[in-house]
Amino acid sequence: ETDDQPAKKRVKIDVPAQEHPHHAGGAKALELAAGDHEKKYAGNIVRKRTEVEEQVIAKEADAELIVESLPKDDSVPKVDLYLPQSLKDVVFVGHLVTDLDSIGGGIGAAALYGGVPASASKVNSETQFVLDYWGVETPRPIEDVLKENPDAKVCLVDHQQTSQMNPAINVENIVGVIDHHALQSKTIVTDKPIYIDIRPWGSMSTIIAHTFLTHNRRPSKSVSGMLLCAILSDTLNLLGPTTTEWDRLMVAVLAEIAEVDDIQLLASQQFKAKSKELATMSAPALVNGDQKTFSFDASGFQGDIGFAVVETTDDDAILSRVDQLLPEMVACKKEKNLQCIFLAVVNIVKLHSNLLLCGPTEHALASKAFGGNVTMDGALMDLGGRVSRKKDYIPTITSVIKNGWKKPRDLGRGLSMVDVTQLGKLEVDPNDPHGNVTRVGSVLDSPDMKGKRTCEAAEKESEEKKDDDVEDEPITI
């Protein structure tokens with residue numbers, strides 16, 4: 001057994017089908033089986049089983065053994081394993097721009113340790129779909145919870161950086177962290193020891209599910225469903241590069257407890273719900289919606305880099321709005337005083353991504369880090385199968401910067417030459433039924449700026465400036 005892989009133990013068991021009809025989420029795949037790894041539909045249409053179907057079927061025996069060993073309900077048995085009392089009655093809350101792993105993991109942690117889940121910000125459409133699907137109440141905003149009890153103890157889930165923490169939280173009241181991300185800049189600093197559980201797995205909810213099992217606790221059907229969907233979301237249906245064997249095993253176990261017959265259908269429904277919201281989101285919402293900031297202090301580069309990700313099943317719909325997204329990226333860069341800002345559009349079905357480049361600095365750094373083919377006059381880079389910010393994007397950029405990358409001299413400035421006072425302001429669009437926030441009064445939207453929106457235009461401007469400088473120099477004979 002290793003940190004990355006559970007011990008493999010093959011056990012053959014004969015269990016009557018009627019007693020275990022769910023097959024760890026693979027019942028529908030088995031019912032429609034055509035050959036060893038295919039599904040057959042009406043009209044003799046055959047498709048390959050998806051990765052999540054293959055995994056839950058492969059781990060069916062292990063999952064059933066684990067579930068059979070658990071109590072028949074979610075009561076709390078007496079256990080000898082360490083269960084931190086410091087987490088009892090605390091508030092479990094995820095990061096800003098909250099996602100399904102933050103909400104599902106928080107709900108699971110509250111059920112496990114005996115506390116209250118809270119949301120750091122408004123839940124997205126995928127999370128709301130999953131909450132409704134499993135009949136779980138949406139956690140209250142952390143601001144409301146702390147208003148009632150300002151001294152409430154808090155456990156951070158799915159993050160540990162102050163830049164991602166809701167400002168209503170007092171660091172002095174943090175008593176725990178449960179996370180699966182790297183310890184980077186702006187990690188919280190505490191005066192006293194606190195409970196820490198950070199594991200290099202694909203989802204924070206996998207950690208909660210595993211802790212339930214190691215303490216011989218059976219999560220309720222609804223909690224199991226929330227944890228299951230959160231793992232599927234964070235691991236891109238077990239296809240993402242951060243997926244581990246622990247994630248695959250917990251998906252099989254949770255699908256068994258939650259009585260999921262067709263896990264592929266459930267996964268498709270929740271991802272469809274996620275993409276549905278993106279079509280109605282404004283440019284500021286897309287750029288800021290899932291953006292994280294990373295700080296660097298290397299020999300050749302110092303400052304913050306913002307990296308936003310949009311995951312969708314219809315990347316063409318997002319990429320068709322490049323003319324709206326590029327100016328908003330520049331505005332965000334100026335307002336947050338970032339040295340660089342990137343936006344990756346990830347197709348979660350094809351597992352393919354493209355990177356939006358809003359200026360020459362972004363173009364130079366991305367070319368060094370990724371070297372993908374660039375189109376749209378230098379505004380779009382093909383990243384191929386790189387789909388994870390945690391594993392593919394940030395580690396690569398970090399490596400390049402640590403190895404001495406410097407911003408090339410004589411780069412044109414593109415749109416970033418404008419002053420922050422010229423960027424207008426964000427307002428709620430009164431004509432938008434979704435209440436989207438849009439930017440109004442920005443000089444970036446003026447016709448005079450449209451020709452400067454691409455990296456190639458900035459480079460051309462820079463070259464022309466060089467030529468002008470040469471012509472103005474006196475000639476010595």
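Novice: What is the right way to look at the packing of aromatic side chains in this model?
Specialist: Here a ring pair, both rings aromatic, is described through the centre-centre distance and the interplanar angle of the planes. For the coordinates displayed, the defined rule picks out 10 aromatic pairs. Centre to centre, the rings of Phe-296 and Phe-301 are 6.3 Å apart; their planes meet at 70°, and the pair counts as edge-to-face. You can call Phe-301 buried: its relative accessible area is 6%. Measuring from centroid to centroid gives 5.0 Å for Phe-307 and Tyr-393, while their planes differ by 15°, and the two rings are stacked. With Phe-307 in strand E10 (residues 302-312) and Tyr-393 in helix H15 (residues 389-402), this residue pair connects regions lying 86 residues apart in the sequence. Of the two residues examined, Phe-307 and Tyr-393, each falls in the buried class.

Novice: Can you help me understand the sheet that holds strand E13 (residues 374-375) in this one?
Specialist: Sheet strands pair via backbone hydrogen bonds, and the direction of the pair is either parallel or antiparallel. Spatially, the six strands line up as an open sheet ordered E9-E10-E11-E12-E14-E13, and their pairing is mixed. The open sheet has two edge strands, strand E9 (291-297) and E13, and neither has a second partner. Strands in contact with H15 are E9, E10, strand E11 (340-347), strand E12 (352-357) and strand E14 (380-384); relative to E10, the strand with the most contacts, it is inclined by about 155°.

Novice: Teacher, can you tell me more about a nonpolar patch on the surface here?
Specialist: Taken together, Leu-183, Ile-196 and Ile-198 make up a surface patch of nonpolar side chains, about 270 Å² in accessible area. By secondary structure assignment, the location of Ile-198 is in strand E8 (residues 195-198).

Novice: Would you take a moment to explain the packing of helix H14 (residues 360-369) against H15 for this structure?
Specialist: Working note: a packed helix pair is described by the angle between its axes plus the distance between those axes. Where H14 meets H15, the axes come as close as 9 Å, and the angle between the chain directions of the two elements is 100°. One way to sum up the angle between H14 and H15 is to call them roughly perpendicular. Of the residues in H15, those in contact with Leu-365, Lys-368 and Ala-369 of H14 are Thr-396, Ile-397, Val-400 and Ile-401. Of the residues belonging to the contact of H14 with H15, the class tally is five nonpolar, one polar and one charged.

Novice: How do you make sense of the sheet that holds strand E3 (residues 91-93) when you look at a structure like this?
Specialist: Judged by pairing direction, the sheet is parallel, and its six strands sit side by side in the order E5-E4-E3-E6-E7-E8 without closing on themselves. Here the strands that pair on one side only, and so sit at the sheet edges, are strand E5 (140-141) and E8. Two strands pair when backbone bridges link them, and strand E7 (residues 174-179) and E8 are joined in this way by four bridges, in the parallel orientation. Among the inter-strand pairings, Gly-176 is bridged to a residue of E8, identified as Tyr-195.

Novice: Sorry, what's going on with the pattern of salt bridges here?
Specialist: Any two side chains of opposite charge can pair if their charged atoms end up close together. Taken as a whole and judged by the stated rule, the model has 12 salt bridges. The shortest N-O distance in the salt bridge between Lys-186 and Asp-304 comes to 3.9 Å. Highlighted residues: Lys-186 in the loop between E7 and E8 and Asp-304 in strand E10, separated in sequence by 118 residues. Its salt-bridge partner being Lys-333, residue Glu-362 comes within 2.9 Å of it at the nearest N-O pair. Of the two residues, Glu-362 sits in helix H14 while Lys-333 sits in helix H13 (residues 322-335), which places them 29 residues apart along the sequence. Across the pair, exposure class does not vary: Glu-362 and Lys-333 are buried alike.

Quick notes on the rules
Sequence order as written defines the numbering, with residues in each chain counted from 1. Side-chain atom pairs in this predicted model are given and counted only at pLDDT of 80 or more, local residue features only at pLDDT of at least 70, and totals for whole chains, interfaces and linings cover all residues. The side-chain quantities take in all heavy atoms of the structure and omit both hydrogens and water. Here is the rule: rings of Phe, Tyr and Trp (six-membered ring for Trp) pair when centre to centre is within 6.5 Å. Planes less than 30 degrees apart are stacked, more than 60 are edge-to-face, and the remainder are tilted. Classification of residues uses two cut-offs on accessible area relative to the type maximum, computed with a 1.4 Å probe and protein chains only: under 20% is buried, over 50% is exposed, and between them is partly exposed. Runs of H or I in DSSP of at least four residues are treated as helices and runs of E of at least two as strands, each being numbered from the N terminus. When DSSP locates at least two bridges between a pair of strands, those strands are taken to pair. Note on contacts: a residue pair is in contact if any heavy atoms of the two residues lie within 4.5 Å. Structural elements are reduced to axes, namely lines fitted to C-alpha atoms, with helices fitted over the stretch in contact, and the angle between N-to-C directions of any two is expressed from 0 to 180 degrees. Surface patches are defined over residues having more than 30% relative accessible area and no salt bridge, joining like charges when they lie within 9 Å and nonpolar side chains (Val, Leu, Ile, Met, Phe, Trp, Tyr) when within 5 Å. All accessibility values rest on the Shrake-Rupley procedure with a 1.4 Å probe; residue burial counts only the protein chains present in the view. What counts as a salt bridge is simple: a side-chain nitrogen of Lys or Arg found within 4 Å of a carboxyl oxygen of Asp or Glu. What sets the label is the angle itself: under 35 degrees gives roughly parallel, over 145 gives roughly antiparallel, 65 to 115 gives roughly perpendicular, and the rest give oblique. In the scheme used here, Gly and all other residues not listed as nonpolar or charged are polar, with Ala, Val, Leu, Ile, Met, Phe, Trp, Tyr, Cys and Pro taken as nonpolar and Asp, Glu, Lys and Arg as charged.

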